[in-house]
Amino acid sequence: THTYSDLIISEYLEGSANNKAIEIYNGTGADVDLAAYSLMKQTNGRGDYKNEQVLTGTLADGETFVLVNSQASDELKALGDMTSNVTSFNGNDAVALFKSGEKIDEVGVFGDTTMWGENVTLRRIYGEGPTATYDETEWEEGDFDDYSDLGKFGADTEAPVIEMVTGEASDPTTIMVHFSETLDAASAANVANYSLDNGATVDSAIYEEGRTYVVLRTSSLTPATEYTITVNGVADRSGNATSNATYTFTFGYIDVENLAALNDLRDSYVEGQ
């Protein structure tokens, strides 16, 4: 789990009609008194922040605070912690989070009158921010009017990890990669998501729904050789992009000089490896 230096804006929802919302996330590792914080909006790219919304209460570590437009749908308002006119944006209204009057985070292009944020849901990539000047590379674009995960940022942020890699020297073109949780069918079967070092390649990926492992067909691997597999495009259980997963393994068998050396190796291997 990532620890943030301060609160961040974690989601910006510019939906149909008045379905507008801003989500704030506390990932600092401690509860935060919101009295020092406020949100302000820049209207139509005019180059100044006004419409201040002072925040109140305490935001617990790992929790979100959602501000929703007072004219939003009842379904959307039910997800909010506060109604606020600071969410009356229409696509070219940057929104910033201030702490004791200092801007600490921002979503949107300040001073830009073009409709950079119209009809879109922007979600912060987990681990990014706070950033006082908007950086679009820290955000992912979701579907229009999609607020299915509003209020859920940071929930179940542990990404799947590789628990072990198994294979047999008698079949040098196949390995089985075991993960800590059930895989997503589309991602698991995408061969482009896998890579091997030492000149080896992954040629195909075989996955069946509901499994925690994937079978990879590879170029011929050399017994007693150490390889590192990298899994790209990893996301946590909330769908936030995270770092690639890597795992180093030795394929097939290992030559050892004596029983003592074998016993030493046993301490470094997990069951089934």
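Each chain has its residues counted from 1, running along the sequence as written. Local features in a predicted model are, by the rule used here, given only for residues with pLDDT of at least 70; side-chain atom pairs are given and counted only at 80 or more, and totals for whole chains, interfaces and linings are based on all residues. The side-chain numbers reported here are obtained from all heavy atoms of the structure, hydrogens and water having been left aside.

Caption draft 1: Spatial organisation of the overall build of the chain. Strands here are runs of E lasting at least two residues and helices are runs of H or I lasting at least four, both read from the DSSP assignment and numbered beginning at the N terminus. Along the backbone of the chain there are 3 helices and 19 strands. For every residue, the accessible area obtained with a 1.4 Å probe (protein chains only) is divided by the maximum for its type, and the residue is called buried under 20%, exposed over 50%, and partly exposed between those limits. With 273 residues in all, the chain has 42% of them scored as buried. Every residue pair with non-hydrogen atoms within 4.5 Å of one another is taken to be in contact. Counted over contacts in the chain with a minimum sequence separation of 6, partners at least 24 positions apart contribute 62%. Surface accessibility follows the Shrake-Rupley procedure with a 1.4 Å probe radius. Residue values consider only the protein chains on display as shielding. As presented, the chain carries roughly 13300 Å² of accessible surface, and 44% of it is formed by carbon and sulfur atoms.

Caption draft 2: Here's a closer look at a nonpolar patch on the surface. Patch construction takes residues with relative accessible area above 30% that form no salt bridge. Like charges are linked within 9 Å, and nonpolar side chains (Val, Leu, Ile, Met, Phe, Trp, Tyr) are linked within 5 Å. A pairing counts as a salt bridge when a side-chain nitrogen of Lys or Arg comes within 4 Å of a carboxyl oxygen of Asp or Glu. A surface patch of nonpolar side chains, amounting to about 240 Å² of accessible area, comprises Val256, Leu259 and Leu262. With respect to the helices and strands, valine 256 occurs in the loop between β19 (245-250) and α3 (259-266). On the basis of relative accessible area, valine 256 is assigned to the partly exposed category, the value being 36%.

Caption draft 3: Up close: the side chain of asparagine 92. Counting through the fold element by element, asparagine 92 comes out in the loop between β8 (82-83) and β9 (95-99). Looking at asparagine 92, the relative accessible area reads 5%, which means it is buried. Identification of polar contacts relies on pairs of N or O atoms within 3.5 Å, with a donor-acceptor requirement for protein atoms, meaning one able to donate a hydrogen and the other able to accept it, and with residues adjacent in sequence counted only if both atoms are side-chain atoms. A distance of 3.0 Å separates the side chain of asparagine 92 from the backbone oxygen of threonine 113, its partner in a polar contact.

Caption draft 4: Here's a closer look at the packing of aromatic side chains. Planes of paired rings set the category: under 30 degrees apart is stacked, over 60 is edge-to-face and the rest tilted, where pairs are Phe, Tyr or Trp rings (Trp by its six-membered ring) whose centres lie within 6.5 Å. Per the stated rule, a full pass over the model turns up 11 aromatic pairs. Summarising the aromatic geometry, the rings of tryptophan 116 and tyrosine 134 are spaced 6.2 Å apart at their centres and angled 40° between planes, so their arrangement reads as tilted. One end of the pair, tryptophan 116, is in the loop between β10 (102-107) and β11 (120-124); the other, tyrosine 134, is in the loop between β11 and β12 (139-142), and 18 residues separate them in sequence. Each member of the aromatic cluster is reached from another via a ring pair, and the members are Tyr12, Phe89, Trp116, Tyr134 and Trp139.

Caption draft 5: Here's a closer look at the pattern of salt bridges. In this structure the tally under the stated criterion is 10 salt bridges. With a closest N to O distance of 2.1 Å, glutamate 14 and lysine 20 form a salt bridge. With respect to burial, glutamate 14 and lysine 20 carry one shared label: buried. We note a salt bridge from arginine 211 to glutamate 208, for which the minimum N-O separation is 3.2 Å. Take arginine 211: its relative accessible area is 27%, and that puts it in the partly exposed class.

Caption draft 6: Highlighting the environment of tryptophan 116. Sequence separation between tryptophan 116 and asparagine 90 is 26 residues, and the spatial gap between their C-alpha atoms is 9.7 Å. Here tryptophan 116 is in contact with Tyr12, Gly91, Asn92, Asp93, Ala94, Val107, Gly108, Val109 and Leu122, once residues within four sequence places are set aside.

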